[in-house]
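Each chain, letter by letter, is given below.
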Amino acid sequence: MLYLIYAEDVANTLEQRLAARPAHLARMQLLKDADRLVLAGPNPIADSEDPGSAGFSGSVIIADFTNLEEAKAWASKDPYIEAGVYQNVTVKPFKRVF
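A. How the structure looks around the pairing of strand 3 (residues 56-64). With 7 bridges joining them, strand 1 (residues 2-9) and strand 3 adopt antiparallel strand pairing. Within the sheet, the bridge partner assigned to I5 lies in strand 3 and is I61. In this sheet, strand 3 lies alongside strand 2 (residues 37-44) in antiparallel orientation, the contact comprising 7 bridges. Its bridge partner being in strand 3, L37 is matched across the sheet by A63.

Written out as structure tokens, the structure is:
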């Protein structure tokens, strides 16, 4: 089943986000390689593809997991959490219509 992972950033953590990004992307690549990733990306603070120093307000991931507990466990190990970037992570079932 698909699950939506929505993570909200702590304000002013662009530097920490950039430092943890390689490890975060490596985990995302594993989901993609397993054909379990539907989409993933950050929410820019500025209304721009490249928000520059404004940074990001959070991230969205939609991926396939066996159940809600697995999705929550996976999300809880994101490198951005350890780096202090994410302040809140919400995981809930997602039903794709289109």
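B. Spotlight on the side chain of S59. Mapped onto the elements of the fold, S59 is located in strand 3. Only 3.1 Å separates the side chain of S59 from the side chain of R17, close enough to count as a polar contact. Those residues within four positions of S59 in sequence are excluded, and the remaining contacts are I5, Y6, A7, R17, G41, P42, N43 and Y86.

C. Focus on the packing of aromatic side chains. A full pass over the atoms with the stated rule returns 3 aromatic pairs. Seen in terms of ring centroids, F65 and W74 are 5.6 Å apart; in terms of plane orientation they differ by 45°. Their pairing is tilted. The residues F65 and W74 share a single accessibility class, namely buried. Considering the side-chain rings of Y80 and Y86, the 5.4 Å spacing of their centres and the 85° angle between planes classify their relative orientation as edge-to-face. Take Y86: its relative accessible area is 10%, and that puts it in the buried class.

D. Quick peek at the sheet that holds strand 4 (residues 86-94). If you walk across this open sheet you meet the 4 strands as 2-3-1-4, and the pairing is antiparallel. Edge positions in the open sheet fall to strand 2 and strand 4, since each of these has one partner strand only. The mean angle between the axes of side-by-side strands here comes to 10°, regardless of whether they run parallel or antiparallel. Each of strand 1, strand 2, strand 3 and strand 4 is contacted by helix 1 (residues 14-33), which is oriented at about 10° to strand 3, the strand it contacts most. On the sheet, helix 2 (residues 68-76) packs against strand 1, strand 3 and strand 4 and is oriented at approximately 155° with respect to strand 4.

So, how was this worked out
Residues numbered from 1 in each chain as written. Predicted model: local features only at pLDDT ≥ 70, side-chain atom pairs only at ≥ 80, totals over all residues. Heavy atoms only, no water. Pairing = 2+ DSSP bridges. Helix = DSSP H or I, 4+ residues; strand = E, 2+ residues; numbered from the N terminus. Polar contact = N/O pair within 3.5 Å; in protein donor to acceptor, adjacent residues only side chain to side chain. Contact = heavy atoms within 4.5 Å. Phe/Tyr/Trp six-rings, centres within 6.5 Å; stacked < 30°, edge-to-face > 60°. Buried < 20%, exposed > 50% of the residue type's maximum accessible area, 1.4 Å probe, protein only. Axes fitted to C-alpha atoms, helices over the stretch in contact; angles between N-to-C directions.

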